[in-house]
Amino acid sequence: MNTAATSHALPGVKLLKLTTSKLNHNSSFVCFHRKHQASFYSPQYETNYITSGNSSNSTLNNLHNLKPTDPIKNISISGKTFCSVGVCTHPSVNIESDSHLEDEKVGVLLLNLGGPDTLLDVQPFLYNLFADPDIIRLPRLFCFLQRPLAQIISVLRARKSKEAYASIGGGSPLRKITDEQANALKLELEAKKLPANVYIAMRYWHPFTEEAAHQIKRDEITKLVVLPLYPQFSISTTGSSIRALQNIFREDKVLSKLPVAIIQSWYERYGYIKSMADLIEEELQNFNKPQEVMIFFSAHGVPVTYVVNAGDPYKDQMEECIYLIMQELKARGIENKHRLAYQSRVGPVEWLKPYTDEVLIELGQKGVKSLLAVPVSFVSEHIETLEEIDMEYKELALKSGVENWGRVPALGCTSSFIADLADAVIEALPSATAMSASSVGSGSEEFKGDPIGYLLKIFVGSFLAFVLLLSPRMLSAFRKPVV
Ligand SMILES: C=CC1=C(C)c2cc3[nH]c(cc4nc(cc5[nH]c(cc1n2)c(C)c5CCC(=O)O)C(CCC(=O)O)=C4C)c(C)c3C=C
Ligand SMILES: [Fe+2]
């Protein structure tokens, strides 16, 4: 991480510039505080800042007294807990003393990707995924190709995907695990004196976002906190789900007025970082020589254009997340080497590098004998942990010369993690406001008023897509698993 000292107008507070990434989506500020440290994103300067570690409480109070017109906005400071939500909140929300909340009916909406429940669901699930303009980003002029392309790619990919899902029991475990997380979060919120209904909105399979929205309306929820089950923000995951949600809420008289707080990312919350470090520390003990094990973080990739052209903060957030986990391990005296690589690429375009499969081969050849794989972009077991990492990558690593292989389990319902998610919800609640009516529609909506033109475009699109996909390189890129 690039850490350079900068000066700042606030007396007594030394600010360190952390990154200079340009984040051009709405969630461009983050807050993070631990003991006497605070970090936050300044939308004006498009820069993340962190206070120096020895800031006193009074200097932190100075920070907190900033006016909205001051250059750094939305700072949340607390001497004892971490707070980090995309929609920043005020510190230490005391639920019991907040008399307004007694009249509220609070809902929490968990966003997740969803997965096929059975092998029969695989192709329609893949269709939903590839039909999402946040997954295959076509130029606006070509958005009429989205659905025909999705149809072709989903059919091409279905065979290999089915094999993978068959090898993990015939379907995705995501629904069951997300249900368990929702129940655990509900109990934890109750224990923290915030009774709430917890809903699940999957992006590409049941229960769909529409189903959750319908239920929220039926239950007459009066305040909603939206919590993605992705620690880091990506346009392709949290961004896509929020867009789908906004489209549904905007169309509905009641839901468009419902106060909503959206937590955009939470990768730097201490509760999450600590829970990840706990799992890694525990898993290291299964090796004969724990200190010689390389900690190998494997994150789901995204195409490079997302980061370079569309300003997706995913890569920066991922790197910062790994840095924070390693700092936490260091603080515990664990000084192992580590690497970060990106897995699960699909299609012929360039994805974030380095690629997991290539790094595994390289490490094996360089004589690394012990590896601990850490899935870091997702908090449930799913096809990419159970099949890709546990089967494909393990085999590749062992073939390449690695002798001892281990894998950290996904967080699932780990109690410290669920407790931290509950804190994130409680901290976000006061910032709930009605969802903006800004236009976030996808290309497919453009044809609502003209069914004949739409059908014509589908036909021409299918033809073009078919010709495009006849190229052998395209065909093999979507058919083959990446490794
Ligand atoms: C942070 C997590 C994820 C990112 C970023 C992401 C981007 C992304 N994914 C695809 C293509 C596929 N993803 C698939 C499944 C899948 N992906 C994630 C997570 C992220 N995806 C999850 C949790 C799952 C579901 C797993 C399950 O258990 O069901 C699939 C289907 C599986 C397969 O055939 O490999 C595809 C395809 C793209 C193109 C993309 C970014 C643009
Ligand atoms: Fe994916």
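Draft legend 1. Examining the sheet that holds strand 11 (residues 338-343) more closely. Across the sheet, 4 strands lie side by side as 11-10-12-13; this open sheet has parallel pairing. Taken across any chain shown, the strands that pair with only one partner, and hence form the sheet edges, are strand 11 and strand 13 (404-407). Strand-to-strand twist in this sheet, taken as the mean axis angle between neighbours without regard to direction, amounts to 25°. Bridge count for strand 10 (residues 294-300) against strand 12 (residues 370-375) is 5 bridges, and the pairing is parallel. Bridge pairing in strand 12 places methionine 294 opposite leucine 371. Packing of helix 10 (residues 356-365) onto the sheet brings it into contact with strand 10, strand 11, strand 12 and strand 13, and relative to strand 11 it is tilted by some 140°.

Draft legend 2. Fine view of the site of ligand 1. The environment of ligand 1 is made up of 29 residues, and the closest members are Arg157, Ser161, Tyr165, Ser172 and Ile383. A distance of 2.9 Å is found between an oxygen atom of ligand 1 and a side-chain nitrogen or oxygen belonging to arginine 157. Computed on the free molecule, ligand 1 has an accessible area of 800 Å², of which 97% lies beneath the protein chains in the complex. Those elements that place two or more of their residues in the shell around ligand 1 are helix 2 (122-130), helix 3 (146-167), helix 6 (235-251) and helix 11 (383-399). Here the element with the most residues in the shell around ligand 1 is helix 2; it accounts for 4 residues. A per-class count over the shell around ligand 1 returns 17 nonpolar, 10 polar and 2 charged.

Draft legend 3. Local environment of the domain arrangement of the chain. Domain annotation of the chain identifies domain 1 (14-112 + 197-268 + 415-434), domain 2 (119-171 + 441-479) and domain 3 (270-407). Counting residues at the interface gives 15 residues for domain 2, matched by 9 residues for domain 3. Both faces combined, the contact of domain 2 with domain 3 buries some 970 Å², and carbon together with sulfur accounts for 72% of it. Along the contact surface separating domain 2 from domain 3 lie 0 salt bridges. Here domain 2 and domain 3 share 2 residue pairs in polar contact (both at pLDDT 80 or more) between them.

Draft legend 4. Broad picture of the side chain of asparagine 112. The topology assignment puts asparagine 112 in strand 6 (residues 106-112). Classification of asparagine 112 as buried rests on a relative accessible area of 0%.

Draft legend 5. Structural detail: the environment of leucine 187. With respect to the helices and strands, the residue leucine 187 is situated in helix 4 (residues 174-191). Considering only alpha carbons, one finds leucine 187 and aspartate 103, 84 residues apart in sequence, at a separation of 20 Å.

Draft legend 6. Molecular detail of the packing of aromatic side chains. This model, assessed by the stated rule, comprises 4 aromatic pairs. Here the aromatic rings of tryptophan 266 and tyrosine 272 are separated by 5.2 Å at their centres, their planes lie at 85°, and the arrangement is edge-to-face. For the pair tryptophan 266 and tyrosine 272, one class covers both residues: buried. When the ring of tryptophan 266 is compared with that of phenylalanine 417, the centres are 5.8 Å apart and the planes differ by 40°; the resulting orientation is tilted. One end of the pair, tryptophan 266, is in the loop between strand 9 (259-262) and helix 7 (270-284); the other, phenylalanine 417, is in helix 12 (residues 415-428), with 151 residues separating them in the sequence.

Draft legend 7. Summary view of the confidence of the model for the chain. Taken over all residues, the pLDDT of the chain has a mean of 79, while the share at 70 or more is 69%. Counted against residues more than four places away or in other chains, residues 1-94, with its pLDDT under 50, gives 206 contacts. Across residues 437-449, where pLDDT falls below 50, the model places 22 contacts with residues more than four positions away in sequence or in other chains. Note on the complex model: pTM 0.78, ipTM 0.95.

Draft legend 8. Broad picture of the packing of helix 10 against helix 11. Put simply, helix 10 and helix 11 touch, their axes get as near as 8 Å, and they point 25° apart. Looking at the two axes, helix 10 sits roughly parallel to helix 11. Read as a crossing pair, helix 10 and helix 11 show a hand that is right-handed. Along the contact surface, helix 10 presents Thr356, Asp357, Leu360 and Ile361, while helix 11 presents Tyr393, Leu396 and Ala397. Residue classes in the contact of helix 10 with helix 11 are distributed as 5 nonpolar, 1 polar and 1 charged.

Draft legend 9. How the structure looks around the pairing of strand 13. By the bridge criterion, 4 bridges tie strand 12 to strand 13 in an arrangement that is parallel. Across the sheet, leucine 372 pairs through a bridge with glycine 406, a residue of strand 13.

Draft legend 10. Seen up close, empty space enclosed by the protein. In the structure shown here, the tally under the stated rule is 3 cavities of 30 Å³ or more. By volume, the second largest cavity amounts to about 60 Å³. Lining the second largest cavity are 13 residues, with Gln343, Pro375, Ser377, His382 and Glu384 sitting closest to its centre. Looking at the lining of the second largest cavity, the elements that each hand over two or more residues are strand 10 and helix 11.

Draft legend 11. Structural detail: the pairing of strand 8 (residues 223-228). When you tally the buried positions in strand 8, you get 6 out of 6 residues, the bulk of the element. Burial of strand 8 is two-sided: the residues Lys223, Val225 and Leu227 facing one way and the residues Leu224, Val226 and Pro228 facing the other way are all buried. Pairing analysis gives 6 bridges linking strand 6 to strand 8, with the strands arranged parallel. Its bridge partner being in strand 8, valine 106 is matched across the sheet by lysine 223. Across 3 bridges, strand 8 lies against strand 9 in parallel orientation. Counted as the bridge partner of leucine 224 is valine 260 from strand 9. Read from strand 8 through helix 6 to strand 9, the crossover connection turns out right-handed.

Draft legend 12. Summary view of the nonpolar core. One finds Leu185, Tyr272, Ile280, Phe297 and Val376 to be the most contacted residues of the largest nonpolar core, which totals 64 residues. Counting contributing residues, this core receives three or more from each of domain 1 (14-112 + 197-268 + 415-434) and domain 3 (270-407). Apart from residues lying up to four places away in sequence, valine 376 is in contact with Pro231, Gln232, Tyr272, Met276, Phe297, Ser298, Ala299, Met318, Cys321, Ile322 and Ile325. Membership of the second largest hydrophobic core comes to 23 residues, among which are Phe125, Leu145, Ala150 and Ile383.

The rules behind the values
- Residues numbered from 1 in each chain as written.
- Chains lettered and ligands numbered in written order.
- Predicted model: local features only at pLDDT ≥ 70, side-chain atom pairs only at ≥ 80, totals over all residues.
- Heavy atoms only, no water.
- Pairing = 2+ DSSP bridges.
- Helix = DSSP H or I, 4+ residues; strand = E, 2+ residues; numbered from the N terminus.
- Axes fitted to C-alpha atoms, helices over the stretch in contact; angles between N-to-C directions.
- Contact = heavy atoms within 4.5 Å.
- Near = heavy atom within 4 Å.
- Polar contact = N/O pair within 3.5 Å; in protein donor to acceptor, adjacent residues only side chain to side chain.
- Areas by Shrake-Rupley, 256 points an atom, 1.4 Å probe, with all protein chains shown as cover.
- Nonpolar A, V, L, I, M, F, W, Y, C, P; charged D, E, K, R; others polar.
- Domains from an automatic or database assignment.
- Buried area = accessible area lost by both parts, 1.4 Å probe.
- Salt bridge = Lys/Arg side-chain N within 4 Å of Asp/Glu carboxyl O.
- Buried < 20%, exposed > 50% of the residue type's maximum accessible area, 1.4 Å probe, protein only.
- Phe/Tyr/Trp six-rings, centres within 6.5 Å; stacked < 30°, edge-to-face > 60°.
- pLDDT = per-residue confidence, 0-100.
- Parallel < 35°, antiparallel > 145°, perpendicular 65-115°, else oblique.
- Left-handed = near helix turned anticlockwise from the far one by under 90°.
- 1 Å grid on protein atoms, 1.4 Å probe; cavity = no way out; pocket = protein on both sides within 12 Å on 5 of 7 lines; lining within 4 Å.
- Points joined across faces, edges and corners; volume = space filled by probe spheres on them.
- Right-handed = clockwise from strand over helix to strand, strands pointing away.
- Core = buried A, V, L, I, M, F, W, Y, C linked by side-chain atoms within 4.5 Å.

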